[in-house]
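# Survey of secondary and tertiary structure
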Amino acid sequence: MRKPLRKAVLPVAGLGTRFLPATKAMAKEMLPVVDKPLIQYAIEEARAAGIEQFCMVTGRGKTALVEHFDIAFELEATLRQRNRTDALEALKGSQVEPGSMLTVRQQVPLGLGHAIWCARAFIGDDPFAILLPDDLVLSETPCLKQLADAYNETGGNVVAVVEVPREHTNRYGILKTGKDDGRLVEVQGLVEKPAPADAPSNLSIIGRYVLMPEVIGHLAKMERGAGNEVQLTDGMAKLIGNQPFHGLRYEGIRFDCGDKAGFLEAQIAFALARPDLADAVRAFLHKYV
Ligand code: UTP
């Protein structure tokens with residue numbers, strides 16, 4: 001019997017150097033797109049995929065991420081006193097079930113693979129999802145829900161993939177592909193940040209994964225890969241051949257919010273998707289473009 005997918009790991013221990021000085025004293029994952037921090041989009045997407053337990057892998061200066069999901073008792077009492085039901089409503093998505101969110105600390109940012117390994121006690125023997133909050137996906141069906149459905153179909157590892165320009169393969173984890181039905185593609189190999197000439201395809205992994213717990217054993221070897229970091233991609237590559245492993249071409253648009261241009265594009269796209277803002281945004285865009 002296939003184990004249900006109920007756990008998600010959210011690594012948030014990176015330094016966010018591309019967003020300095022904004023990220024000097026504040027976590028990159030607290031940057032808002034329109035009016036909601038990136039981390040909350042990730043938690044809401046996970047919930048919509050049936051996730052019930054969350055583990056944030058945090059580091060120094062990330063306490064606001066934990067605070068954000070707590071109850072702001074004084075703020076709520078004041079809002080109630082003032083009959084601000086609209087503002088109280090806006091706070092709802094930032095509350096989680098008591099006891100459903102853990103944090104573990106990655107003391108030194110040794111890479112994404114190391115961050116996931118830090119959550120090993122939380123993961124135990126269960127399949128788990130990973131969401132990188134700086135990858136934001138605008139889609140009809142939440143991206144992780146699409147992956148969860150694919151996990152139920154295939155019974156193994158599934159990563160969200162998208163075609164990227166060949167000259168950009170050195171920024172991403174890239175697939176060596178097998179059987180491909182246009183939606184699900186069998187993964188025969190994985191390479192982290194290959195030079196365009198060495199890339200086995202131009203299908204890249206985005207920050208949404210459903211993985212089997214066996215990946216932890218491979219990450220535990222702490223082998224250094226691209227950039228001298230412990231790479232999740234290298235750990236995942238060791239699963240291929242032993243377990244089903246697929247890439248899913250998800251429906252939706254991905255925004256790389258760890259990058260300034262990607263972050264600005266997300267602001268525009270998400271604002272245009274909001275009925276309360278779309279007209280105003282469309283009007284001022286005309287002024288500048
Ligand atoms: P990034 O590659 O975007 O790195 O990490 P970063 O440090 O956040 O940002 P830049 O490149 O310096 O601007 C991808 C994801 O992996 C997490 C990050 O928090 C982000 O969610 N991560 C990365 C860790 O948790 N630990 C690490 O050691 C590395």
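Each remark here, short or long, concerns the structure printed above.
Residues numbered from 1 in each chain as written. Predicted model: local features only at pLDDT ≥ 70, side-chain atom pairs only at ≥ 80, totals over all residues. Heavy atoms only, no water.

Every one of the 17 residues lining the ligand counts as a neighbour, but Thr17, Arg18, Lys28, Gln106 and Gly111 are closest to it. One of the backbone N or O atoms of Pro11 is found 2.9 Å from an oxygen atom in the ligand. Here an oxygen atom of the ligand sits 3.3 Å away from a polar atom, N or O, in the side chain of Asp134. Considering the ligand on its own, with 570 Å² of exposed area, one finds that the protein chains cover 82% of that surface. With respect to the pocket detection grid, the ligand is positioned in the largest pocket. Tallied by class, residues from the shell around the ligand come to 8 nonpolar, 5 polar and 4 charged. (Near = heavy atom within 4 Å. Polar contact = N/O pair within 3.5 Å; in protein donor to acceptor, adjacent residues only side chain to side chain. Areas by Shrake-Rupley, 256 points an atom, 1.4 Å probe, with all protein chains shown as cover. 1 Å grid on protein atoms, 1.4 Å probe; cavity = no way out; pocket = protein on both sides within 12 Å on 5 of 7 lines; lining within 4 Å. Sits in = over half its atoms within 2 Å of the grid points. Nonpolar A, V, L, I, M, F, W, Y, C, P; charged D, E, K, R; others polar.)

Right, let's talk about the pattern of salt bridges for a bit. All told, the structure shown has 19 salt bridges when counted by the stated rule. With its nearest N and O atoms 3.1 Å apart, the salt bridge here joins Asp135 to Arg254. Taken as a pair, Asp135 in strand E7 (residues 135–138) and Arg254 in strand E13 (residues 253–256) lie far apart in primary sequence, 119 residues in all. The two residues Asp135 and Arg254 agree in class, both being buried. Across the salt bridge formed by Arg249 and Asp180, the nearest N and O atoms sit 2.9 Å from each other. You can see Arg249 sitting in strand E12 (residues 245–249) and its partner Asp180 sitting in strand E9 (residues 173–180), a full 69 residues away along the chain. Accessibility expressed as a relative area gives 23% for Arg249, which makes it partly exposed. Here Asp180 falls in the partly exposed class, since its relative accessible area comes to 39%. Look at the salt bridges and you will find they share partners, linking Lys3, Lys7 and Asp126 into a network. (Salt bridge = Lys/Arg side-chain N within 4 Å of Asp/Glu carboxyl O. Helix = DSSP H or I, 4+ residues; strand = E, 2+ residues; numbered from the N terminus. Buried < 20%, exposed > 50% of the residue type's maximum accessible area, 1.4 Å probe, protein only.)

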